[in-house]
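Chain residues, written in single-letter form:
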Amino acid sequence: MGDTSRSGTQNFYSILGIPKSASLMDISKAYKSLVMKWHPDKNSSNKDEAEAKFRAINEAYRALSMKKREEETKVAEEPTTSERSVHGTKSADESFFSRLSRNASRISNTPKSLSRNNSRKSTTPTPVDLYASLQSTTSGGVPSPTTPLTPTTPLAPASPATPPTPVAGGPQPALSKVTSRRGPTPIIYSQSTVRRKPQPVEKKLECTLEELCHGCVKKIKITRDAMSDTGLIVQEEEILKIKIKPGWKKGTKITFEGKGDERPGTLPADIIFIIDEKRHPIFKREGDDLELGVEVPLVQALTGCSITIPLLGGEKMALSFDDIIYPGYEKSIPGQGMPKSKEQGRGNLRLKFLVDFPMDLSNKQRSDVVSILNDTC
């Protein structure tokens, strides 16, 4: 029986590839390396051999880690001046593995009770815990569904709210990597409050058609409330510059961030300027086109005429018409409208004619008109 236990111990050491003098840390390192190498999921070509080695590695780690923990506990509990009996004692390997063999069925069916050294044992991860930590660092923490290992002695992780009490004269308990990885994410409470931003302030910015046609720079003086270093609200003045681009339309928005009033506990508001068109005395804007009304006398409308029209900006253009101009007659002049803000070129200038009829005619004039127009109708 003793030879079997001793050979089994040596076999466990050889399986993990470590000497008998190896510490519990050495056993864990060897197990971590081998279990990653021989896991069945990573050896699909020789899965049967990998499963056999995987089971042997887990069995060796479980047996040797339990043996080492028992030896450490025994050494810690023995008095320094005790005398040991030489005759009738068994070797550490034989006594441990004999008890392990006798209690195998009891261990697999009965949960372990908590002992006075449970805080020391809880710091040593089981094979499943070690492999779970390896999986979390290599494959996102998802354990393999094909892992053949089932833990027979699960150890409950220590609660972060009730840390283990140190044993007087003994080693101080320490959290292992597995325990810290599985612990809950800490919630950090901040004393600072988030400063919200109020709704932006909208203001109209009136522009003439000439300014929207040729572009300009507008300077606007604003007065706003601001918080001083002492926490008082003070008045500040600032001049904002807005570069009006040619072709901008009514409704175009220009935003100045943080230029509005500031109140305690809030961020400064934004100021939004919205373009508005001033009414022009003779031109009317329709999209990118301009409309201009032209009035001509009835005689010129019937016989043809030459007129001079104004253009936006002060220039003038001479036009001649041989056609008969009737009420509602329109003439479009390309390239004399508003600039197109999103493309090259300009819109058109559309002339809408109004015919000026005489307010009074004599009888002779009426008869002459009738005689002339009878032949044309």
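The coordinates are above.
The text that follows walks through the structure, step by step, so that each part is easy to find. (Residues numbered from 1 in each chain as written. Predicted model: local features only at pLDDT ≥ 70, side-chain atom pairs only at ≥ 80, totals over all residues. Heavy atoms only, no water.)

Focus: the sheet that holds strand β7 (residues 289–297)
Argument step 1. Reading across from one edge, β6-β7-β11-β10 is the order of the four strands in this open sheet, with mixed pairing throughout. The open sheet terminates on both sides in strands that have one partner only, identified here as β6 (283–286) and β10 (330–333). Averaged over all adjacent pairs, the angle separating strand axes in this sheet is 30°, with direction ignored.
Argument step 2. Pairing analysis gives eight bridges linking β7 to strand β11 (residues 349–356), with the strands arranged parallel. Opposite valine 296, over in β11, you have valine 355 as the bridge partner. (Pairing = 2+ DSSP bridges. Helix = DSSP H or I, 4+ residues; strand = E, 2+ residues; numbered from the N terminus. Axes fitted to C-alpha atoms, helices over the stretch in contact; angles between N-to-C directions.)

Structural notes on the pattern of salt bridges
Two side chains carrying opposite charge are able to pair once their charged atoms lie near each other.
Argument step 1. All chains considered together, the criterion is met by 16 salt bridges.
Argument step 2. Glutamate 71 is the partner of lysine 68 in a salt bridge, and the nearest nitrogen-oxygen pair spans 4.0 Å. In this pair, lysine 68 and glutamate 71 are both assigned in helix α3 (residues 47–77), three residues apart and thus about one turn of the helix distant.
Argument step 3. Among the residues examined, glutamate 71 registers a relative accessible area of 27% and is labelled partly exposed.
Argument step 4. For lysine 221, the salt bridge is made with glutamate 237, and the minimal N-O distance between the two is 3.3 Å. With a gap of 16 residues between them, lysine 221 in strand β2 (residues 216–227) and glutamate 237 in strand β3 (residues 233–244) connect regions that are remote in the sequence. Just as lysine 221 is exposed, glutamate 237 falls in that class too.
Argument step 5. Sharing partners across several salt bridges, the network here consists of Glu291, Glu330, Arg350 and Lys352. (Salt bridge = Lys/Arg side-chain N within 4 Å of Asp/Glu carboxyl O. Buried < 20%, exposed > 50% of the residue type's maximum accessible area, 1.4 Å probe, protein only.)

Remarks on the pairing of β3
Argument step 1. Pairing of β2 with β3 involves 12 bridges; the strand directions are antiparallel. Counterpart to threonine 223 in the pairing with β3 is glutamate 237.
Argument step 2. From the end of β2 to the start of β3, which pair antiparallel, there are five residues, and glycine 231 there has a positive phi angle of about 90°.

With respect to the side chain of arginine 224
Argument step 1. Relative to the assigned elements, arginine 224 resides in strand β2.
Argument step 2. Exposure remark for arginine 224: the relative accessible area of 13% places this residue in the buried category.
Argument step 3. For arginine 224, the side chain forms a polar contact with the main-chain oxygen of glycine 260, separated by 3.2 Å.
Argument step 4. Among all residues touching arginine 224, those that are not within four sequence positions of it are Val234, Gln235, Glu236, Glu238, Gly258, Lys259, Gly260, Asp261 and Pro268. (Polar contact = N/O pair within 3.5 Å; in protein donor to acceptor, adjacent residues only side chain to side chain. Contact = heavy atoms within 4.5 Å.)

Overview of the sheet that holds strand β5 (residues 271–277)
Argument step 1. Strand order across the open sheet formed by three strands is β1-β5-β4, with mixed pairing between neighbours. Strands with a single pairing partner mark the edges of an open sheet, and in this sheet they are β1 (201–207) and β4 (253–256). Shown here is a sheet whose adjacent strand axes are inclined to one another by a mean of 25°, direction ignored.
Argument step 2. Relative to β5, β1 runs parallel, the two being bridged by seven bridges. Within the sheet, the bridge partner assigned to glutamate 206 lies in β5 and is aspartate 276.

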